[in-house]
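Observations on the model geometry
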Amino acid sequence: MMPVAADSSGELRSPLHLEHVALGGVMVPFAGWAMPLRYSSDLAEHLAVRRAAGIFDLSHMGEIRLAGPQAGAALDHALVGHLSAVPVGRARYTMICADDGGIIDDLVVYRTGDDAYLVVANASNNAIVLAELVPRCAAFEATVTDESAETALIAVQGPRAQEIVTSLTAPGDLAAVAGLGYYTGLSATVAGVRALVARTGYTGEDGFELFAPAGEAVGLWRDLLVAGKLHGLVPAGLSARDSLRLEAGMPLYGNELDRTTTPYDAGLGRVVKLDKTTADGRPLDFVGRGPLAAREHSEPSRLLVGLEGLGRRAARHGYPVVMSPENLDVVVGHVTSGAPSPTLGHPIAMAYVAPGLSALGTELAVDVRGRGEPVRVVALPFYRRPQ
Amino acid sequence: MSTFPDDLQYTVEHEWLAAGDPVTFGITDTASEALGDIVYLEMPSVGAELTAGAVCGEIESTKSVSELFSPVSGTVVEVNQAAVDDPSLVNSDPYGAGWLLKATVTATGPLLTVAEYRAQTAG
């Protein structure tokens, strides 16, 4: 495994590091990496993704390859989802949980072949996920290989993403790439680079994520920027990535999800396939099954809700949710993520609250640095792209 | 690229101060760039007492909240309502249309010359 270059501060560098610096990227530490927070303006980058397209460097994320005749069975055991039932060419959002049902990471898993899967983990959890997968898969005929250091990940997201990516796609792959449905992927040549091209993303817009060899990332990035220029493509950083996923109601590990949370708390019980069976109908056990099954039918102690800010000040991660703006002492929950919404023009937040207060329309407040700001429970996602 | 007008004085907390009666102050280019897109200003009211070096307001951006420290002791006589209504003025014109407060002064806290402030931010 080739280590990526680290700078004097000890942070890992993406293969695209110098591109970000040349583009005016403000580099900040993120999960042990130096990554661009923004290039110009958070708001401009966010709005560009909603209106045209943005290009993101996600090379810090983890890519772990599972291969072998029992790769699917191994993942059925290691993860909460039914991965062996995923057709070749499709992707699944899933989770890896601990013995007690707490979430270790949320993942996207791509089935790239009959006996091959690519597990994509958050940068902050890649080492932990790998350390869990290896022993969990040991009893199965499957190899677990960390390919993160050799894999670059570039996302192009927005209504113009299809035009941009297809304009660089090799003629033989063009129809297939243009026809990719949501949460599907295939191997294709884009800008002369052989990549896994997937119609997935973390923005709530149409778009693609391209997994390419790290050594070819710079050429691919530059060619996408050039091709995207006349479509309004801009480079977009971590700040825009966070405000976009928040508007789209997507959870962030470390905020909405953590080791003390089960998928059910976060409203993501659908990823837990308690009834997964083998082809001949035998029930499949998986790590965390017992506590998760118990949790599925029990009363939750808290539920994740969307909050629409009725004032001007945004609730932020960790702020208390209270019953009313006048009484900050009665705490009924806490904010997991919050920010002004560039698309909607008002503050938005996700929060865990007592189940009795989770009904849509419930009026609550958030203690924003000592002042009560009124909020209202709304459905997630806050934003849905026009179809 | 950050600019620092010669005819202003500065503080270590990245405010600028324009002499006069009343004085005018705001935040520098360095501060507004570091904050990113400013979305909300929490300002004191007209008539509020200011203490040099103490927090007198908040400047909130998409990603963070920063405290505003008063460079002077005195009384607020005017708040820039245009900036309160459109906080992006503080990003686009921090020394002009993005001014924050005007105040009468009873005492002034430690101030830096433009050369001293430039040296501090270069470090």
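Residues numbered from 1 in each chain as written. Chains lettered and ligands numbered in written order. Predicted model: local features only at pLDDT ≥ 70, side-chain atom pairs only at ≥ 80, totals over all residues.

**Describing the overall build of chain A**
Along its length, chain A carries 9 helices and 20 strands. Relative to the 2.2 N^0.38 estimate, which gives 21 Å for 387 residues, the radius of gyration of chain A is 21 Å and therefore close to what a compact globule would have. Looking at chain A residue by residue over its 387 residues, the buried ones come to 48%. Taking the contacts inside chain A whose residues are at least 6 apart along the sequence as the reference set, 66% of them involve residues at least 24 apart. (Helix = DSSP H or I, 4+ residues; strand = E, 2+ residues; numbered from the N terminus. Rg over C-alpha atoms; globule rule 2.2 N^0.38 Å. Buried ≥ 20, exposed ≤ 12 C-beta atoms within 10 Å, placed from the backbone. Contact = placed C-beta atoms within 7 Å.)

**Quick word on the overall build of chain B**
Broken down by element type, chain B carries 4 helices and 9 strands. Listed N to C, the secondary structure of chain B is β-β-β-α-β-β-β-β-β-α-α-β-α in terms of helices and strands. If one aligns the C-alpha atoms of chain B with their principal axes, the spans along those axes are about 35 × 30 × 20 Å. Split into buried and exposed, the 123 residues of chain B put 38% on the buried side. Expressed as a percentage of contacts within chain B between residues at least 6 apart in sequence, the contacts between residues at least 24 apart total 63%.

**Points about the nonpolar core**
By size, the foremost hydrophobic cluster in this structure holds 101 residues, and its most contacted members are A:I154, A:V156, A:V190 and A:L220. Each of domain 1 (1–298) and domain 2 (303–378) of chain A contributes no fewer than three residues to this core. Aside from chain neighbours lying at most four places away, what touches A:L220 is A:I154, A:V190, A:A191, A:V193, A:L210 and A:A212. The next biggest cluster of nonpolar side chains, apart from the first, holds 27 residues, and it includes B:L17, B:A31, B:L68 and B:A103. (Core = buried A, V, L, I, M, F, W, Y, C linked by C-beta atoms within 7 Å. Domains from an automatic or database assignment.)

**Overview of unusual backbone geometry**
For the bond from A:L380 to A:P381, the omega torsion is 0 degrees, close enough to zero to count as cis. Along the chain, the position of A:P381 falls in the segment after strand 20 (371–378). Cis geometry is found at the peptide bond from B:D21 to B:P22, where omega equals 5 degrees. Considering the arrangement of structural elements, one finds B:P22 in the loop between strand 2 (15–18) and strand 3 (23–27).

**Some thoughts on the confidence of the model for chain B**
Summarising the model, chain B shows a mean pLDDT of 95, and 98% of its residues fall at 70 or more. Across the interfaces of the predicted complex, the ipTM metric reaches 0.89, alongside a pTM of 0.95. (pLDDT = per-residue confidence, 0-100.)

**With respect to the sheet that holds strand 17 (residues 327–340) of chain A**
Residues and elements named next belong to chain A. The strand order around the closed barrel formed by 6 strands is 15-18-17-16-19-20, and the pairing between neighbours is antiparallel. Ignoring strand direction, the axes of neighbouring strands in this sheet form an average angle of 50 degrees. The pairing of strand 19 (residues 363–368) with strand 20 spans 6 bridges and is classified as antiparallel. In the strand pairing of strand 20, E363 is matched with R376. (Pairing = 2+ DSSP bridges. Axes fitted to C-alpha atoms, helices over the stretch in contact; angles between N-to-C directions.)

**Some points on the interface of chain A and chain B**
With 10 residues of chain A in contact, the opposing surface of chain B contributes 6 residues. The set of elements that each furnish at least two residues to the side of chain A that touches chain B consists of helix 2 (42–51), helix 8 (238–247) and strand 17 of chain A. Tallied by class, residues from the side of chain A that touches chain B come to 3 nonpolar, 3 polar and 4 charged. (Nonpolar A, V, L, I, M, F, W, Y, C, P; charged D, E, K, R; others polar.)

**Digging into the domain arrangement of chain A**
All names here are of chain A. When the domains of chain A are assigned, the result is domain 1 (1–298) and domain 2 (303–378). For domain 1 versus domain 2, the separation of C-alpha centres amounts to 29 Å. At the junction of the two partners, domain 1 supplies 14 residues and domain 2 supplies 13 residues. Mapped onto the side of domain 1 that touches domain 2, the elements with two or more residues apiece are helix 2 and helix 8. Looking at the side of domain 1 that touches domain 2 residue by residue, the class counts come to 5 nonpolar, 5 polar and 4 charged.

**Brief notes about the pairing of strand 19 of chain A**
All names here are of chain A. For strand 19, the buried fraction is high: 5 of the 6 residues fall into the buried class. In terms of strand pairing, strand 16 (residues 320–324) meets strand 19 through 2 bridges, oriented antiparallel. Bridging from a neighbouring strand, V322 pairs with A365 of strand 19. As consecutive antiparallel partners, strand 19 and strand 20 are separated by 2 residues, and within that stretch R369 has a phi angle of approximately 50 degrees, a positive value.

**As for the pairing of strand 20 of chain A**
Across 4 bridges, the pairing between strand 15 (residues 303–309) of chain A and strand 20 of chain A is antiparallel. Each bridged residue has a counterpart across the sheet, and for A:E308 the counterpart in strand 20 of chain A is A:R376.

**Examining the environment of A:T343**
Residues and elements named next belong to chain A. Mapped onto the elements of the fold, T343 is located in the loop between strand 17 and strand 18 (347–353). Residue classification places T343 among the partly exposed residues on the basis of 18 C-beta atoms within 10 Å. Distance in space between the C-alpha atoms of T343 and Y383 is 8.0 Å, their sequence separation being 40 residues. Sequence-distant contacts of T343, defined by excluding residues within four places in its chain, comprise R50, E247 and Y383.

**Some details on the packing of helix 2 of chain A against helix 8 of chain A**
Residue and element names in this part refer to chain A. In the contact formed by helix 2 and helix 8, the axes pass within 8 Å of each other and the chain directions differ by 55 degrees. Judged on the interaxial angle alone, helix 8 and helix 2 are oblique. Along this stretch, helix 2 crosses helix 8, giving a crossing that reads as right-handed. Contacts from D42, E45, H46 and V49 of helix 2 reach helix 8 at S239, A240, S243 and L244. Among the residues making up the contact of helix 2 with helix 8, the classes are represented as 3 nonpolar, 3 polar and 2 charged. (Parallel < 35°, antiparallel > 145°, perpendicular 65-115°, else oblique. Left-handed = near helix turned anticlockwise from the far one by under 90°.)

**Here's the deal with the sheet that holds strand 1 (residues 12–13) of chain A**
All names here are of chain A. In spatial order, the strands read 1-3-2; together these 3 strands make up an open sheet with mixed pairing. Edge positions in the open sheet fall to strand 1 and strand 2 (26–30), since each of these has one partner strand only. Pairing of strand 1 with strand 3 (residues 33–38) involves 2 bridges; the strand directions are parallel. Bridge pairing in strand 3 places L12 opposite W33. The sheet strands contacting helix 8 are strand 2 and strand 3, and the helix crosses strand 3 at an angle near 70 degrees.

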